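If you want the building blocks of each chain, they are given just below.
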Amino acid sequence: TPIVLDATLSPDDKAALRAGLLDSTTIRLRALKGAWQLVMRDGLDDAAMVVHGALDLFDVENAPVGDAEQTDAFRHLANWPASATRKALAERFGIA
């Protein structure tokens with residue numbers, strides 16, 4: 001998880017995390033948002049693993065992925081052609 005947080009959080013978020021100012025829900029949501037930003041920048045094939053890592057943050061705490069995050073995932077994944085990578089992420093989000 002530290003690698004995922006390092007890759008997905010902004011410098012300000014990292015500083016707030018180190019200072020103990022972010023709760024786990026905020027950390028998970030910001031990490032997921034950052035992971036999608038990496039997908040937009042680097043492409044689905046290159047950055048999907050980071051999205052999986054952000055989803056692992058939800059799994060570690062047995063926290064469900066919310067409707068807003070599922071909707072966001074649907075919108076992001078709709079931009080990419082069908083592939084095994086896209087299918088795997090859709091399944092993780094429960095939108096396959």
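Residues numbered from 1 in each chain as written. Predicted model: local features only at pLDDT ≥ 70, side-chain atom pairs only at ≥ 80, totals over all residues. Heavy atoms only, no water.

## Concerning the packing of aromatic side chains
And then number 1: This model, assessed by the stated rule, comprises one aromatic pair.
And then number 2: Its end group placed over the ring of Phe58, Arg28 keeps NZ or CZ at 5.3 Å from the ring centre. (Phe/Tyr/Trp six-rings, centres within 6.5 Å; stacked < 30°, edge-to-face > 60°. Lys NZ or Arg CZ within 6 Å of the ring centre and 35° of its normal.)

## Details of helix H6 (residues 84-93)
And then number 1: Of all the positions in H6, only Leu89, Ala90 and Phe93 are classed as buried. Take H6 and look down its axis: the buried residues cluster within an arc of 100 degrees, on one side only. For H6, the exposed residues set more than 90 degrees away from the buried face come down to Ala84 and Lys87.
And then number 2: Residues of H6 that are buried make contact with helix H3 (24-42), helix H4 (44-60) and helix H5 (67-78). (Buried < 20%, exposed > 50% of the residue type's maximum accessible area, 1.4 Å probe, protein only. Helix = DSSP H or I, 4+ residues; strand = E, 2+ residues; numbered from the N terminus. Arc of directions from axis to C-beta. Contact = heavy atoms within 4.5 Å.)

## Observations concerning H5
And then number 1: Given a rise of 1.5 Å per residue, 12 residues ought to cover 16 Å, and the 16 Å separating the end C-alpha atoms of H5 matches this to within 8%.
And then number 2: Within the sequence span of H5, burial applies to Glu69, Ala73, His76 and Leu77. Down the axis of H5, the buried side of the element spans an arc of 90 degrees, and every buried residue falls inside it. The exposed residues of H5 that point more than 90 degrees off its buried face are Asp67, Ala68, Phe74, Arg75 and Ala78. (Expected span 1.5 Å × (residues − 1).)

## Structural notes on the environment of Gly20
And then number 1: Along the chain, Gly20 turns up in the loop between helix H2 (11-18) and H3.
And then number 2: Sequence separation between Gly20 and Ile95 is 75 residues; the distance between their C-alpha atoms is 33 Å.

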